[in-house]
Amino acid sequence: MTIDLVDISVTSPGRNFVTLKITTSDGVVGWGDATLNGRELSVASYLRDHVASTLVGRDEDRIEDTWQYLYRAPYWRRGPVTMAAIAAVDMALWDIKAKKAGMPLYQLLGGASRDALRVYVHASGADYASLHDAVSAYVDSGVTAVRVQTGIPGLGQIYGVATNKPGAKYNYEPAKRAADGSSATRPVEESWDTRKYLAHMPGVFARLREDFGTDLRILHDGHHRMSPIEAARFAKDVEPYDLFWLEDCTPGEDQSALRLVRQHSTTPLAIGEVFNTVYDYQTLITERLIDYVRSAVTHTGGITSMKKLLDFAAVYGIKSGIHGPTDISPVGMAAALHLGLAIHNFGIQEYMPHSDTTLDVFRTSYTYDRGFLHPGEAPGLGVELDEAAAGAFEYTKAYLPVNRLTDGTMHDW
């Protein structure tokens, strides 16, 4: 059988998603996630204008060959737009293959290596009291791993902290629309001061350990906002508080920066949500400069390439920490869960629950229970897009915020 139809959907049930639909000549449908936060229409255009016509008539079963064709044929390789487009095609073809086999996708990837996937959730607060309340609620619900972010005294709104108002409910949504809900015209600019951050955060971890003990896995994201020497100092300062990982402590483009951090600290390091191929990791993995691979299946070429990347990492004892925020659609999340269940070197899965509105548009079979996820037993990925429901939510332009230092300089990240 061959690929008969290729359709692209852009919908915004609370936030923007790009979804690829492949229909085979015998009527089987596969779904893929091509969402690229803040640049969604770029990927939709790439798929619609440059990829879709090249897929029609191709053998649906030749997943590896199709992946190589889409990666090598355009001459312009890599990059988030290209790799998100390839990922969507790859997911959809795996979805079709598993549906035809009558199995959940993880069975075709070697079967389950564990019963369920430990997740980490996001807790933030403008001050310690708000953060404590957020963490406490998760711990009471059975969660065993929490990423913590907090406001910094003297600064206003900070990326990664939902609000700078003490006591406000945590509702992480970093891509900003206009205040009235219409399309944004430009990114929001936030102020940043690394010295204040370095002085404040170790004390936050100290209080968390005092209040929640040593069993809770505590994670933290630096959002690429430290220089190598600042990151080395920070990683050393937080060693007594036993972080599960310090994520994105330096800008991702400079792989060698993490050598300096490694020389000064044993704090585990994670990076990669802005990476797109195995080549972005080559130095980091072979020199063991990281402990966790943070790429999203959606942004790194799909299941085919992510499995290769994680198998490569496994040779060096490095584990997965697959990116899973709400700017990955439920289709992309399902792909991550099937892959995570199958691989040997699973570490932890990021989990941010999608809104009820999103889940009215994307029908899912994966389940969450007290800090663990499972992809479910439905054939394929186990996620379907309700196209009629999706049509009610028009694309609305939104951007991630940008940082300026307090002296007005645009920050490196």
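Before reading on, note that the structure itself is shown above.
The structure presented is a predicted model; accordingly, all values stated were derived computationally and were not measured.

Student: Before we move on, could you go through the sheet that holds strand β2 (residues 17-24) and cite the residues and values that matter?
Tutor: If you trace the three strands from one edge of the open sheet to the other, you get β1-β2-β3, paired in antiparallel fashion. Both outer strands of the open sheet, β1 (3-11) and β3 (29-33), are each paired with one neighbouring strand and no more. Across the sheet, the mean angle from the axis of one strand to that of its neighbour is 20°, orientation sign disregarded. Where helix α1 (residues 40-55) meets the sheet, its contacts fall on β1 and β2, and the angle it forms with β1 comes to roughly 170°. This element, helix α3 (residues 80-101), spans β1, β2 and β3 of the sheet and lies at about 145° to β3.

Student: A description of unusual backbone geometry should follow, citing residues and the corresponding values.
Tutor: For residues besides glycine, phi is generally negative; the peptide bonds are generally trans as well. With phi around 65°, H224 is a residue other than glycine that occupies positive phi space. Here H224 is to be found in the loop between β7 (217-221) and α7 (228-237). Given the relative accessible area of 9%, H224 is considered buried.

Student: Any chance you could break down the pairing of β7 for me, citing the residues and the numbers?
Tutor: Counting buried positions along β7 yields four of five residues, so the element is predominantly enclosed. Pairing analysis gives three bridges linking strand β5 (residues 145-150) to β7, with the strands arranged parallel. When the bridges of β7 are listed, R147 appears paired with L219. Note that β7 and strand β8 (residues 245-247) share three bridges and pair parallel. Bridging across to β8, L219 finds its partner in W245. Tracing the backbone out of β7, into α7 and back to the parallel element β8 gives a crossover that is right-handed.

Student: So what's going on with helix α6 (residues 194-212)? Which residues, and what values?
Tutor: Between its first and last C-alpha atoms α6 spans 27 Å; for 19 residues at 1.5 Å apiece the expected length is 27 Å, and the two agree. Turning to α6, its buried residues number three or more, namely T194, Y197, L198, M201, P202, V204, F205, L208, R209 and F212. Of the surrounding secondary structure, the elements contacted by the buried residues of α6 are α5 (128-140), β5, β6 (189-192), β7 and α7. Measuring from the side-chain oxygen of the N-cap residue of α6 to the backbone nitrogen of R195 gives 3.1 Å; that N-cap residue is D193.

Student: Break down the packing of aromatic side chains for me, with residues and values.
Tutor: Tallying each qualifying case throughout the model produces 13 aromatic pairs. Relative to W245, the ring of F244 lies with its centre 5.8 Å away and its plane at 50°, an arrangement referred to as tilted. Assessed through its relative accessible area of 0%, W245 is described here as buried. Through a chain of ring-to-ring contacts, the aromatic side chains of Y120, F244, W245 and Y292 assemble into a single cluster. Across the ring face of Y69, the terminal group of R58 is positioned such that the distance to the ring centre comes to 4.2 Å. Just above the ring of W67 sits the side chain of K308; from NZ or CZ to the centre is 6.0 Å.

Reading guide: rules and limits
- Positions within a chain are numbered from 1, following the residues in the order the chain's sequence is written.
- This being a predicted model, a pLDDT of at least 70 is required before a residue's local features are given, and a value of 80 or more before pairs of side-chain atoms are given or counted; all residues contribute to the totals for chains, interfaces and linings.
- Side-chain figures throughout are based on the complete set of non-hydrogen atoms in the structure, without hydrogens or water.
- Between any two strands, pairing holds if DSSP finds at least two bridges.
- Put simply, DSSP marks the helices as runs of H or I at least four residues long and the strands as runs of E at least two long, and each gets a number from the N terminus on.
- Axes here mean lines fitted to C-alpha atoms, for a helix over just the part in contact, with angles spanning 0 to 180 degrees between N-to-C directions.
- Contacts are assigned to residue pairs with any non-hydrogen atoms lying within 4.5 Å of each other.
- Here the term buried applies to any residue with accessible area under 20% of the maximum for its type, exposed to any over 50%, and partly exposed to those in between, with areas from a 1.4 Å probe on protein chains only.
- Convention used here: a crossover is right-handed provided that the path from the first strand, over the helix, to the second strand proceeds clockwise when the strands point away from the viewer.
- The span one expects for a helix is its residue count, reduced by one, times 1.5 Å.
- Pairs of N or O atoms within 3.5 Å make up the polar contacts considered here, provided that, within protein, one atom can donate a hydrogen while the other can accept it, and that residues adjacent in sequence are counted only when both atoms are side-chain atoms.
- When the centres of two rings from Phe, Tyr and Trp lie within 6.5 Å, Trp using its six-membered ring, the rings pair. Their planes under 30 degrees apart give stacked, over 60 give edge-to-face, and anything left gives tilted.
- Sitting over a ring, as applied to charges here, requires NZ of Lys or CZ of Arg to be within 6 Å of the ring centre and within 35 degrees of the ring normal.

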